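Here's the letter readout for the chains.
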Amino acid sequence: MRILVTGAAGFIGSEYVRTVLAGGYPGFEDADVTVLDRLTYAGNRANLPGRHPRLAFVRGDICDLPLLLDLLPGHDAVVHFAAESHVDRSLEAASEFIRTNVGGTQTLLEACVRTGVQRVVHVSTDETYGSIEQGSWTEEWPLQPNSPYAASKAASDLVARAYWRTHGLDLSITRCSNNYGPYQHIEKLIPNFVTRLLTGRTVPLYGDGSNIREWLHVSDHCRAIQLVLTRGRAGEIYNVGGGNERTNRQITDSLLDLCGASPDLVRHVADRKGHDMRYALDDTKIREELGYTATVPFEEGLAATVAWYRDNRSWWQPDAGAGEERPALTGSVR
Ligand code: NAD
Ligand code: TDX
């Protein structure tokens, strides 16, 4: 078994590859892994083992068709994580999101068809469904993405579906809720707040903090992806949820406690443009069809994540001062 994993120098893909290399997925203990990653600002080679007998690392772009046609022959499967992934960046500059997430996915799938790759998982997100006031999304819900990031992921899902339908590519799509865990870039809510609180800085809470996200530990997400890779049906979409709905204010309060930080460090800042109010997935399908269950209790996983950032300062400290302060709306509030 030889798999090519795109974007595995990032947060979720690196968790997936570290687990494959550690023999964490039954049947894949001997699998060889090729990582293809462009090493954008979000990619970090140090998220993966420097040397490993079953790992080959290729720095390259998923938009590069000749490279893909050269690289893919001999691979049995592709797990596709590579993307521009941060909503705030897509509000400032969307074109890279369209280039990589839409164009790159199309190029990758075209190369898979041409080189006879047998199985593909396209990793997508709950944000493609938009925002939901009550209840939860099933896989049949219409796509109503609100940010350029979400729109680019929704478009990539449609391209993926078309490559299954038109070319018979054996491909499944996963749509997961918000991930948390070690190795997540400090631009995202939880690592941003943890690293700022651990260094005595303020944390910028968008709007009134009432927006709700559904959180899942990255290891549970990766296990779900592996289940879909090995047992998912072609042409099918699988939601992966965690059931842990929290407002951003609740997350902030938990992080203040875990970091032993003062509530005065919370700054209410200008809201994100078009900020989705709530995400919630119905993941009955993956649970009933593939026997998936999330295993990491949220409070335990969050505490372990904070401990990881506390114990691995050298991983994030070089970046810790990066990022602009947003103007405070009301000063420190609680
Ligand atoms: P990330 O930003 O941490 O990592 C993305 C990786 O892709 C980086 O290593 C980057 O260098 C690489 N990359 C970017 N453009 C590339 C290109 N053109 N060619 C090759 N490599 C490129 O992202 P993440 O949080 O690990 O997310 C991984 C996937 O999971 C994404 O597709 C994302 O949409 C999806 N997802 C993320 C979450 C979440 O909460 N983070 C939730 C659901 C789904
Ligand atoms: O500084 C912040 N302050 C703040 O209040 C940041 C970075 C975020 N927020 C809020 C915005 C969101 O309501 O926290 C919530 C989470 O924000 P992000 O970490 O940026 O995640 P989100 O926008 O929900 O998208 C994430 O989940 C779905 C990932 O970044 C996506 O890649 C994934 O598809």
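This text follows the structure it describes.
A brief structural summary. Because the structure is a prediction, the values reported are computed rather than measured.

Inspection of the region around ligand 2 gives 21 residues, with Thr 125, Glu 127, Tyr 149, Arg 272 and His 275 positioned closest. Note that an oxygen atom of ligand 2 is positioned 2.9 Å from one of the backbone N or O atoms of Tyr 206. Separating an oxygen atom of ligand 2 from a side-chain N or O atom of Asn 248 is a distance of 2.8 Å. Within the complex, the protein chains bury 94% of what would otherwise be the 650 Å² of accessible surface of ligand 2. Mapped onto the shell around ligand 2, the elements with two or more residues apiece are helix 6 (189-198) and strand 8 (203-206). When the residues that make up the shell around ligand 2 are grouped by side-chain class, the tally is 8 nonpolar, 8 polar and 5 charged.

With that settled, the discussion passes to the site of ligand 1. Taken together, 29 residues lie around ligand 1, and Ile 12, Asp 37, Ser 85, Tyr 149 and Lys 153 are the ones closest in. A distance of 2.8 Å separates an oxygen atom of ligand 1 from a polar backbone atom of Ile 12. The contact in question runs from a nitrogen atom of ligand 1 to an N or O atom on the side chain of Thr 100, over 3.0 Å. Out of a free accessible area of 840 Å², ligand 1 has 97% covered by protein chains. The element that contributes the greatest number of residues to the shell around ligand 1 is strand 5 (residues 119-125), accounting for 3 residues. A per-class count over the shell around ligand 1 returns 12 nonpolar, 12 polar and 5 charged.

We now examine helix 7 (residues 218-231). Helix length check: helix 7 (14 residues) gives 20 Å between terminal C-alpha atoms against 20 Å at 1.5 Å per residue, within 8%. Counting buried positions along helix 7 yields 10 of 14 residues, so the element is predominantly enclosed. All of the buried residues in helix 7 are Val 218, Asp 220, His 221, Cys 222, Ala 224, Ile 225, Gln 226, Leu 227, Val 228 and Leu 229.

What follows covers the environment of Ser 156. Positionally, Ser 156 belongs in helix 5 (residues 148-167). We classify Ser 156 as buried; its relative accessible area is 1%. When sequence neighbours within four positions are dropped, the list of residues in contact with Ser 156 reads Asn 101, Thr 105 and His 122. Side-chain polar atoms of Ser 156 contact the side chain of His 122, separated by 3.0 Å.

What counts as what
- Residues numbered from 1 in each chain as written.
- Chains lettered and ligands numbered in written order.
- Predicted model: local features only at pLDDT ≥ 70, side-chain atom pairs only at ≥ 80, totals over all residues.
- Heavy atoms only, no water.
- Near = heavy atom within 4 Å.
- Polar contact = N/O pair within 3.5 Å; in protein donor to acceptor, adjacent residues only side chain to side chain.
- Areas by Shrake-Rupley, 256 points an atom, 1.4 Å probe, with all protein chains shown as cover.
- Helix = DSSP H or I, 4+ residues; strand = E, 2+ residues; numbered from the N terminus.
- Nonpolar A, V, L, I, M, F, W, Y, C, P; charged D, E, K, R; others polar.
- Expected span 1.5 Å × (residues − 1).
- Buried < 20%, exposed > 50% of the residue type's maximum accessible area, 1.4 Å probe, protein only.
- Contact = heavy atoms within 4.5 Å.

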